[in-house]
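# A closer look at the structure
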Amino acid sequence: MTLSLTTAVTLHESIEMPQLGLGVFKSESGSEVEGAVATALELGYRHIDTATVYRNEEGVGNAVVASGIGRDEIFVTTKVMNIDQGYDSTLEAFDASLGRLGMEYVDLYLVHWPKPEHTHDTWRALEQLQADGRTRAIGVSNFLVHHLDQLAEHASVMPSINQIEFHPHLQSPELVAYCDELGIVVEAWSPLKHGQIVDDPELKTIADLHGVSVAQVVLRWMLQRGIVTIPKSVTPARIAQNADLYGFALSDGEVAAIDAMDRNERIGPHPDEIDF
Ligand code: NDP
């Protein structure tokens, strides 16, 4: 299959989700996030990943409106934050998110982190929101195998997405295989290891062979693996570079070489050890 900026994965509900999106964690609310989203949309990105806890949903919404692009052409994700988990509180948090985004629906609503004591009630709220057409798809983030098993005990609908920390140095092969088995699409957060991956010498060798950057090699590897990826940048040249992934292809050997770089090295919190 030839990949392009419009290449999408198909979620459970036959919803098409662009495989490449822009992440906006730590993009400041106001002109910074609005500028990043505007640049991305001009370049052809059609997928934006925000969260209530990023405190920039309003800026994302403003930039989407200002772009003049139809709402139905842009895939927007947001997430319920931990303190809002529970049935009623999730429904209220969702209303507040839509208000800040200035939207009538989102494309994907995620449970941001597993909170086992709230999982069933929070998930019931997401199922309700989906049934009401207020979010097109529902999913989870940072769920390990045992969190997915717990959710499955009472779920009527399984998640379409599991958004997890994923980059060449943290590949969680068992979790990814389990998601594949359940038909849950894996979405990579911190795909560039928060910018640190660009210093990897082995990846640099592959990048030099193709005349591209390490970031481009890593993102292209994810696309070829069928993983959704949401690199964050507020720098226009990097936003452009991160979407310039379609003029080269990695060989099967290069994909396998990157697959073999897993070091189980996490930069974010372990989902079983969060204290927020
Ligand atoms: P990334 O791995 O996307 O790295 C972002 C950092 O790399 C920024 O400092 C950026 O700098 C820099 N960068 C971007 N492009 C390049 C490039 N081509 N070359 C060199 N440096 C580059 O980290 P994030 O943690 O932001 O993860 C991406 C997204 O994933 C988030 O924005 C968020 O949407 C999501 N996320 C979800 C989490 C969850 O729990 N569900 C947790 C964390 C992230 P600059 O901006 O200055 O250009």
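Heads up: the structure comes first, above all this text.
Residues numbered from 1 in each chain as written. Predicted model: local features only at pLDDT ≥ 70, side-chain atom pairs only at ≥ 80, totals over all residues. Heavy atoms only, no water.

## What about the overall build of the protein chain?
The helix and strand inventory of the protein chain stands at 10 helices and 10 strands. At 18 Å, the protein chain has a C-alpha radius of gyration in line with the 19 Å of a compact globule built from 276 residues. Reported as C-alpha extents along the three principal axes, the dimensions of the protein chain are approximately 55 × 40 × 35 Å. Every one of the 276 residues in the protein chain was classed for burial, and the buried ones make up 55%. In the protein chain, 75% of the contacts between residues at least 6 apart in sequence involve partners at least 24 apart. Charged side chains in the protein chain number 18 positive and 41 negative. The centres of these two groups are separated by 4 Å. (Helix = DSSP H or I, 4+ residues; strand = E, 2+ residues; numbered from the N terminus. Rg over C-alpha atoms; globule rule 2.2 N^0.38 Å. Buried < 20%, exposed > 50% of the residue type's maximum accessible area, 1.4 Å probe, protein only. Contact = heavy atoms within 4.5 Å. Lys, Arg positive; Asp, Glu negative; His and termini not counted. Charge placed at Lys NZ, Arg CZ, Asp CG, Glu CD.)

## Details of the pattern of salt bridges
Applying the stated criterion across every chain, the model contains 11 salt bridges. Residues aspartate 200 and arginine 263 are paired through a salt bridge, measuring 3.8 Å at the closest nitrogen-oxygen approach. Here arginine 263 lies in the segment after helix H10 (252-259) and aspartate 200 lies in the loop between strand E9 (185-189) and helix H7 (201-210), a separation of 63 residues in the sequence. The exposure class of aspartate 200 is buried, given its relative accessible area of 8%. (Salt bridge = Lys/Arg side-chain N within 4 Å of Asp/Glu carboxyl O.)

## Here we look at the sheet that holds strand E7 (residues 135-141)
Taken in spatial order, the eight strands make up an open sheet running E3-E4-E5-E6-E7-E8-E9-E10, and their pairing is parallel. Each edge of the open sheet is held by one strand with a lone partner, namely strand E3 (22-23) and strand E10 (228-229). Summarising the sheet, E7 and strand E8 (residues 161-165) pair through two bridges and their orientation is parallel. Note on E8: the bridge partner recorded for valine 140 is asparagine 162. (Pairing = 2+ DSSP bridges.)

## Brief notes about helix H4 (residues 119-131)
Here H4 is 13 residues long and its end C-alpha atoms lie 18 Å apart, about the 18 Å a rise of 1.5 Å per residue gives. Those residues of H4 lying buried are Thr119, Thr122, Trp123, Ala125, Leu126, Glu127, Leu129 and Gln130. Structurally, H4 contributes buried residues whose contacts are with strand E5 (75-80), helix H3 (87-101), strand E6 (106-111), E7 and helix H5 (145-152). (Expected span 1.5 Å × (residues − 1).)

## Describing the site of the ligand
The environment of the ligand is formed by 29 residues, the closest being Asp49, Ser190, Leu192, Ser233 and Thr235. Within the backbone of leucine 192, one N or O atom sits 2.8 Å away from an oxygen atom of the ligand. Considering the ligand on its own, with 900 Å² of exposed area, one finds that the protein chains cover 89% of that surface. (Near = heavy atom within 4 Å. Polar contact = N/O pair within 3.5 Å; in protein donor to acceptor, adjacent residues only side chain to side chain. Areas by Shrake-Rupley, 256 points an atom, 1.4 Å probe, with all protein chains shown as cover.)

## Quick look at the environment of arginine 134
Of note, arginine 134 is situated in the loop between H4 and E7. Excluding anything up to four places from it in sequence, arginine 134 contacts Phe94, Asp95, Leu98, Glu104, Tyr105, Val106 and Leu129. Looking at arginine 134, its side chain comes within polar contact range of the side chain of aspartate 95, at 2.8 Å.

## Considerations on the pairing of E7
Within E7, six of the seven residues are buried, which leaves it mostly tucked inside the rest of the structure. When E6 meets E7, the two strands line up parallel, connected through five bridges. Its bridge partner being in E7, valine 106 is matched across the sheet by threonine 135.

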